[in-house]
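# Structural features, examined
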4 protein chains.
Amino acid sequence: MRALSRGAIACFQLMSDSPAATDRIAVGIVGASGYGGVQLVRLLLDHPHVTIAHLAGHSSAGRKFSELYPHLGAFLDLPIQAIDVEAIARDCQVVFLALPNGIACTLAPELQARGCRVLDLSADYRFRTLDTYREWYRPDDDAWPTDAHRAANDRAVYGLPELYREAIAAADVVGCPGCYPTASLLAIAPLLQKDLIDPDSIIIDAKSGASGAGRAAKIGSLFAEVDESFHPYGVTNHRHTPEIEQICTDLARQPVRVQFTPHLIPMVRGILSTVYATLRDPGLVADDLLTLYRNSYSRQSPWVRILPPGTYPRTKWVSGTNTCAIGIAIDPRTQRVVVMSAIDNLLKGQAGQAVQCLNIMHGWPEAIGLPKLGFYP
Amino acid sequence: MRALSRGAIACFQLMSDSPAATDRIAVGIVGASGYGGVQLVRLLLDHPHVTIAHLAGHSSAGRKFSELYPHLGAFLDLPIQAIDVEAIARDCQVVFLALPNGIACTLAPELQARGCRVLDLSADYRFRTLDTYREWYRPDDDAWPTDAHRAANDRAVYGLPELYREAIAAADVVGCPGCYPTASLLAIAPLLQKDLIDPDSIIIDAKSGASGAGRAAKIGSLFAEVDESFHPYGVTNHRHTPEIEQICTDLARQPVRVQFTPHLIPMVRGILSTVYATLRDPGLVADDLLTLYRNSYSRQSPWVRILPPGTYPRTKWVSGTNTCAIGIAIDPRTQRVVVMSAIDNLLKGQAGQAVQCLNIMHGWPEAIGLPKLGFYP
Amino acid sequence: MRALSRGAIACFQLMSDSPAATDRIAVGIVGASGYGGVQLVRLLLDHPHVTIAHLAGHSSAGRKFSELYPHLGAFLDLPIQAIDVEAIARDCQVVFLALPNGIACTLAPELQARGCRVLDLSADYRFRTLDTYREWYRPDDDAWPTDAHRAANDRAVYGLPELYREAIAAADVVGCPGCYPTASLLAIAPLLQKDLIDPDSIIIDAKSGASGAGRAAKIGSLFAEVDESFHPYGVTNHRHTPEIEQICTDLARQPVRVQFTPHLIPMVRGILSTVYATLRDPGLVADDLLTLYRNSYSRQSPWVRILPPGTYPRTKWVSGTNTCAIGIAIDPRTQRVVVMSAIDNLLKGQAGQAVQCLNIMHGWPEAIGLPKLGFYP
Amino acid sequence: MRALSRGAIACFQLMSDSPAATDRIAVGIVGASGYGGVQLVRLLLDHPHVTIAHLAGHSSAGRKFSELYPHLGAFLDLPIQAIDVEAIARDCQVVFLALPNGIACTLAPELQARGCRVLDLSADYRFRTLDTYREWYRPDDDAWPTDAHRAANDRAVYGLPELYREAIAAADVVGCPGCYPTASLLAIAPLLQKDLIDPDSIIIDAKSGASGAGRAAKIGSLFAEVDESFHPYGVTNHRHTPEIEQICTDLARQPVRVQFTPHLIPMVRGILSTVYATLRDPGLVADDLLTLYRNSYSRQSPWVRILPPGTYPRTKWVSGTNTCAIGIAIDPRTQRVVVMSAIDNLLKGQAGQAVQCLNIMHGWPEAIGLPKLGFYP
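Quick look at the structure, then. (Residues numbered from 1 in each chain as written. Chains lettered and ligands numbered in written order. Predicted model: local features only at pLDDT ≥ 70, side-chain atom pairs only at ≥ 80, totals over all residues. Heavy atoms only, no water.)

## Observations concerning the relation of the copies chain C and chain D
Overlaying chain C with chain D gives an RMSD of 0.0 Å, the required rotation being 180° about an axis along which the chain moves by 0.0 Å. Such a turn and shift between the copies fits a two-fold axis. The residues that chain C uses at the interface reappear at the interface of chain D in 100% of cases, marking a shared surface. (Least-squares fit on C-alpha atoms with pLDDT ≥ 70 in both. Contact = heavy atoms within 4.5 Å.)

## Focus: the packing of aromatic side chains
Going through the model one piece at a time under the given rule, you end up with 40 aromatic pairs over all chains. An angle of 85° between the planes, with centres 6.2 Å apart, marks the rings of Y158 of chain D and Y164 of chain D as edge-to-face. For the pair shown, Y158 of chain D and Y164 of chain D are each scored as buried. Feature note: the residues F127, Y133, Y137 and W144 of chain A constitute an aromatic cluster, connected by ring pairs. The ring of F375 of chain D is capped by R42 of chain B, whose NZ or CZ atom sits 4.1 Å from the centre of that ring. Just above the ring of Y376 of chain C sits the side chain of K316 of chain C; from NZ or CZ to the centre is 5.8 Å. (Phe/Tyr/Trp six-rings, centres within 6.5 Å; stacked < 30°, edge-to-face > 60°. Buried < 20%, exposed > 50% of the residue type's maximum accessible area, 1.4 Å probe, protein only. Lys NZ or Arg CZ within 6 Å of the ring centre and 35° of its normal.)

## Some points on the interface of chain A and chain B
With 48 residues of chain A at the contact, the number on the chain B side is 48 residues. For the pair chain A and chain B, the two sides together bury roughly 4,100 Å², of which 53% comes from carbon and sulfur. Taken as a group, E228, F230 and R333 of chain A account for 17% of the area that chain A buries against chain B, more than any other trio of residues on that side. Our enumeration of links across chain A and chain B arrives at four salt bridges. Two residues, R333 of chain A and E245 of chain B, come together in a salt bridge whose shortest N-O distance is 2.5 Å. The tally of links from chain A across to chain B stands at 32 residue pairs in polar contact (both at pLDDT 80 or more). Ranked by the residues each element gives to the side of chain A that touches chain B, the list is headed by strand 8 (residues 203-208) of chain A, at four residues. Across the side of chain A that touches chain B, the residue classes break down as 23 nonpolar, eleven polar and 14 charged. (Buried area = accessible area lost by both parts, 1.4 Å probe. Salt bridge = Lys/Arg side-chain N within 4 Å of Asp/Glu carboxyl O. Polar contact = N/O pair within 3.5 Å; in protein donor to acceptor, adjacent residues only side chain to side chain. Helix = DSSP H or I, 4+ residues; strand = E, 2+ residues; numbered from the N terminus. Nonpolar A, V, L, I, M, F, W, Y, C, P; charged D, E, K, R; others polar.)

## Some thoughts on the packing of helix 8 (residues 161-170) of chain D against helix 14 (residues 347-361) of chain D
All names here are of chain D. Where helix 8 contacts helix 14, the axes come no closer than 9 Å and their chain directions differ by 40°. Viewed along their axes, helix 8 and helix 14 adopt a mutual orientation that is oblique. Helix 14 is crossed by helix 8, and the crossing has right-handed handedness. For the pair formed by helix 8 and helix 14, the contact residues are P161, E162, R165, I168 and A169 on the first element and K348, Q353, Q356, C357, I360 and M361 on the second. Looking at the contact of helix 8 with helix 14 residue by residue, the classes come out as six nonpolar, two polar and three charged. (Axes fitted to C-alpha atoms, helices over the stretch in contact; angles between N-to-C directions. Parallel < 35°, antiparallel > 145°, perpendicular 65-115°, else oblique. Left-handed = near helix turned anticlockwise from the far one by under 90°.)

## Examining unusual backbone geometry
Omega for the bond connecting W144 of chain B with P145 of chain B falls within 30 degrees of zero, at 0°, which places this linkage in the cis form. Turning to its location among the elements, P145 of chain B is positioned in the loop between helix 6 (130-137) and helix 7 (147-154). Look at Q335 of chain D: it is not a glycine, yet its phi comes out positive at around 60°. With respect to the helices and strands, the residue Q335 of chain D is situated in the loop between strand 13 (324-331) and strand 14 (336-343).

## Here we look at the interface of chain C and chain D
Contact residues are listed per partner, giving 48 residues for chain C and 48 residues for chain D. In total, about 4,100 Å² of surface goes out of reach between chain C and chain D, with carbon and sulfur atoms giving 53% of it. The largest contributions to the chain C side of the interface with chain D come from E228, F230 and R333 of chain C, which together make up 17% of the buried area. Taken together, the links from chain C to chain D amount to four salt bridges. Sort the elements by how many residues they give to the side of chain C that touches chain D and strand 8 (residues 203-208) of chain C lands first, with four residues. The residue inventory of the side of chain C that touches chain D, partitioned by class, reads 23 nonpolar, eleven polar and 14 charged.

## Section: the nonpolar core
When a protein is soluble and globular, its nonpolar side chains tend to lie buried together. In this structure, F96 of chain B together with F96 of chain C are the most contacted members of the largest nonpolar core, which totals 440 residues. Once residues within four sequence positions are removed from consideration, F96 of chain B is found in contact with V27, G28, I29, V30, L40, L44, L119, L121, A354, V355 and L358 of chain B. (Core = buried A, V, L, I, M, F, W, Y, C linked by side-chain atoms within 4.5 Å.)

## Some words on the sheet that holds strand 8 of chain A
Residue and element names in this part refer to chain A. The strand order 9-10-8-11-14-13-12 describes an open sheet built from seven strands, whose pairing is mixed. For this open sheet the edge positions go to strand 9 (231-232) and strand 12 (304-306), each flanked by a neighbour on one side alone. Relative to strand 10 (residues 259-264), strand 8 is paired through six bridges, and the arrangement is parallel. Residue pairing across strands places D205 opposite T261, the latter belonging to strand 10. Sitting on the sheet, helix 9 (residues 179-193) is in contact with strand 8, strand 10, strand 11 (271-278), strand 12, strand 13 (324-331) and strand 14 (336-343), with an inclination near 140° to strand 14. (Pairing = 2+ DSSP bridges.)

## Regarding helix 7 (residues 147-154) of chain A
Residues and elements named next belong to chain A. Taken together, the buried positions of helix 7 are H149, A152 and N153. The buried residues of helix 7 occupy an angular sector of 100° when the element is viewed end-on, so they sit on one face. Counted as exposed and oriented over 90 degrees from the buried face of helix 7: D147, A148 and D154. Tucked into the core, helix 7 has its buried residues touching helix 5 (104-113), helix 6 (130-137) and strand 6 (156-158). (Arc of directions from axis to C-beta.)

## Quick word on helix 14 (residues 347-361) of chain A
Residues and elements named next belong to chain A. For helix 14, built from 15 residues, the straight-helix expectation of 21 Å at 1.5 Å per residue is missed by more than 12%, its first-to-last C-alpha distance being only 18 Å. Of all the bends in helix 14, the largest measures some 50° and sits at Q353. Most of helix 14 is tucked away: 14 of the 15 residues are buried. In the stretch just after helix 14, G363 is the one whose phi turns positive, near 70°. (Expected span 1.5 Å × (residues − 1). Bend = angle between axes of the 7 residues up to and from the residue.)

## A look at the pattern of salt bridges
Throughout the structure, instances matching the rule amount to 72 salt bridges over all chains. Close ionic contact of K64 of chain D with D77 of chain D constitutes a salt bridge, the shortest N to O distance being 3.2 Å. In this pair, K64 of chain D is assigned in the loop between strand 2 (50-56) and helix 3 (65-68) and D77 of chain D in the loop between helix 3 and strand 3 (80-81), connecting sequence segments 13 residues apart. Residue classification places K64 of chain D among the partly exposed positions, given a relative accessible area of 36%. Three or more residues joined by partner-sharing salt bridges are found here, namely D205 and K207 of chain A together with D205 and K207 of chain B.

## Regarding the pairing of strand 14 of chain A
Residues and elements named next belong to chain A. Among the eight residues of strand 14, eight are classified as buried, and the element is accordingly described as predominantly covered. Of the two faces of strand 14, the one holding R336, V338, M340 and A342 and the one holding V337, V339, S341 and I343 are both buried throughout. Relative to strand 14, strand 11 runs antiparallel, the two being bridged by eight bridges. Residue pairing for strand 14: Y276 is matched across the bridge by V338. Where strand 13 folds back on strand 14, the antiparallel hairpin that results is connected by four residues, among which Q335 adopts a positive phi of roughly 60°.

## Some points on the packing of helix 9 of chain A against helix 11 (residues 240-252) of chain A
All names here are of chain A. Contact geometry for helix 9 and helix 11: axes closest at 10 Å, N-to-C directions at 20°. When the interaxial angle is binned, helix 9 and helix 11 end up roughly parallel. For the element pair helix 9 and helix 11, the recorded crossing hand is right-handed. Packed against helix 9, whose contacting residues are C179, Y180, P181, S184, L185, I188, A189, L192 and Q193, the element helix 11 presents H240, E243, I244, I247, C248, L251 and A252 at the interface.

And the structure:
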């Protein structure tokens, strides 16, 4: 078990009643130095079927992971290597890519060609048609995508397990959803699937903690700027809009346009999405929807929790877990439904969901290796 | 100048090129121990035409103000007296009431009968018809309101200066607006006045810092509960809903129902309101609305600031000021307008607005004695 | 396994490769509604050798635990019962007491008489001589302690595993240390044991997050009061002073007086203790002390982590874990040593340490059932 | 009055009963884009005897100030010019330098030669002997300082008004103190002046909000890193140590070495310094020291506030003001005095103090143009 220093093994050996290292799957993390990377390391260190076999990165290449995150130094002392497809493929069966947008679309096909399964945390494999991706992410890049990009993209699957579980199980490349789309789509999906709302009426007012911006040194992410402030951004043009619309359209079996507005909350972790839609049937009551939501999610979906009537989600309740908590209200005065969902943006909204996909890809229970009990307060 | 201790006078005497104490109006603050009270004290200590002549309260009666707020002790060392209408009226020309709902409706008529003008910060005088108030605030109180309550209420004015400036100037009792209604109404008013939106389409997704809950010792307001969390509350049934609807209805000259959802932000001060509405004319562009908003507010309204296109408000920009900052976006994809407004919930959302009304009632410039330059960061 | 609802069992059953419920020890938590209680519930739900069999409380009696902490409702749906010694002893082999000071000293002997082992999180069993306790905690209570109290106290053990591991293993009543003493004593102990510092020179400047004040509704703990502020309290007279001095005296084999000053940090979790002392031997260098500390702790103490030279602890590194991280600096200019220690005040500083003691009392590995990998950021 | 846009003048003209623009002194700010710069702009916009005539900067040259700080855009719309000594001297009588260390020592002499008085906020003019400065700030720069640097430095004055008021009044170049030294020296000065403590016993445990690191994009200053964390830094070797020692030595008339440890608090503004020292006379009581401190500061020093016995300062009390609040405790058990001081690190710790020096240099009252009433909470 390479990921543990000898001292740590001595201390913690009795904590693992889990498979021997030889039975574990070797995984690599490319882009290990960011917040996505450190979440993956944290989760995978605790995963009973996995060994972290390779860390790679660009700006952090040559440094030890323990220098970047000293608190994990006792548990993982691997160096971060320069990105080398051959080396990664030699060491790993599965590779997580936690890189800026626009890199995975080149890297993933090479890894796949060498036998690796890939979970990508960027936007590169989230879109069914790369034209949509280009329009929102690379508007001035006429040379992109190539036919090879299109071919690779056609084989990728959107990694939202609660909606695309079976496709994920069979996939070699998974495009893990954005944080906002995860929270928003889990909130709205049952209504669209059952055709209960006017699809043109959807308004998603979403709010995220500051860790969503990553570990990049930007003035707008400084403590002094973010703390004691709250503001919207990307109004009418945030890149998660087409991602949400693509899945809504898929669920509704008709084109759906949504109004999506993200805001920055002065806290580290958590997304809360408040979704408004007009009900087709004004006679629906909250209990109807609770039953619908529980049926949609409960049986197979250990990570979605529908709250009782009158209870609305709080990000603190799901912080440090892979859970999505959903609360539902109907307003008879306005004939609207208000669905509120809360996730930990770095877990269910990012790295946790990627591990959930990994579990599905290997036929393991969906909940294994993922935190279910948050600390409070 | 009773409000200053001798030492402080010595230190700061040169800071006041302002009217002598004898020319100042004597004001009282009833409910001086809460966050509304301390804001009023802070503002009025700096107001050139006012002297704080009387502090009163219920639970804090008998204590000195400087015990409750030691940082202001050098500037105001008055005791907080038990609430005594005769004593208040003897000491004061104007009285601010910063009390829980349901008390001002009894106290204000008595003060008015003794010649005082009253600015009430509670909900008691915000509603044109007390039936609406009773429905949302005192649903089980059949004995209320009496005819006397109704008569007093008929003479009260809604204290949102940007919309009701002239009525405020002539009023003896002003019902100062709630914090959420202030931010929301300033955002939406020009659209309703000009009939540019579908009035049934208004959705107000509002977010407030924790000081809005006041200085009451409640578990839900503890640091450990609020910090690093974000959540909605009062979904579909918050009491500020009918207050917003009443004014919207007045502006639109037709009944308006709004969807209003408040959320709690882990920060002390600030409200941000994100307002969505469907445009009647899909050909409108952002510049049209900017012109409309600037015309609506700029000439007479020093405390509303319309931001340039593409700039959206941040609560930090207005913290510690009486300013309401408004940003406007049009989404041609959805034919909606998104108006975002930010205020300091304790100033423009509460005490600052009350002082602005005081200025209007006395024919002083609206901006006098109120902070315009916030500290940043 | 009563502590899990059926649905949760279905979802998470594969996560437990752990002993069957019949092999687990039944534990109870008295005082389950506070922050100490919810930490214990959280930790014990994940402990492979324990079943939560009984919850009791005073003010919360009659309510369900899931009402107080909805986020844990899927995992523990026990009611909180009124405190009844017979019922507790019938259900439990081990009882955690998480109550205000002054109650455990009456409750623990009764539980012990009925065969329960007791871990007390209050101050009641922390003092070798009850006279010291009375002086600092009950100065006006001449009727206390009785001989029975003294007898019970004589059998209790101070629950700081790194210093009193063997005594804890044999104890029936463990008085778990305070949060500040835990951080401070682990920082200073090796120096006193080896007689390397002037014992009169110890100054402990300690800082704690707001959760240390518990879930009591107090104005001083409100978000609006605590956030964006920092202040000392209990200067020269905090009750953790005699607790620290008692253990320092024990370690130094001579009377030790310390200067202890706690401060409140605007954050939820974490204590950082900065300890200053004058070195007897000015020729000591940092490497000497690193070796000493590593020898003192590393072999048997999985929960103490000595940081490399020049690295100083951050509370975020240990948040959500039972780890105490210690950094050491020597200042040759002043001939002082500066030792800095960080813990999660609710885990290593409270509930986690109690579970660590439980592990020792049952001969289980010290690290079992306790979180070692914190989330970051 | 160039600093105000026409619209703002219309709105706010009645707020200024202050001197006409022609009587105002023209000041410039070099380094206007940082947090020091924006504080200066904010304060000087409200100063009755000053007009902001020139903004300059390096990285921000060519941009408008209102782009960087939109919330002040209505009040100051000057461009930030490239640093040009001739242009600055032509426009300004007084220049504030808010630049990184090592630039002012070149710029100030040139400005002074052209008739400008200079207030420098960097470390360049804080040291009586440049050898000390070089040792701590430029250890590898053998070519520095030149004789010209030494000559310029000999004419500079340390800008802590409470200690060096008369020298400041006559100075042409003022080296404004660091934030930590300001808080620490005001806490300890009366004790050293009266020889009441053992000068070798001074330990300063200081804590600062995150704005002290400035508006530089650094990973360590990101919200996600700073929030919910607390840690020491610069242990035994922070550059403010020799600055504090220099003034302590001056006050004590004998060499003084201090132990100084700074920590980072997860909040924006504020420093709290906890200072420990051993009393020479163990019979001293708190009242003696209160009298001493009040005598030392009260008469001439409007910005130092000595708190009553048993009251200890909170950073929130002084946030947004130029006040330094000091609380004093004596511990008869240890014969130590504990002095705690709180300031707003960006006002009394930086820009506010510079304006206070400006007031002294021009014979204006020390308190003029500076905020005395903080907002709370």
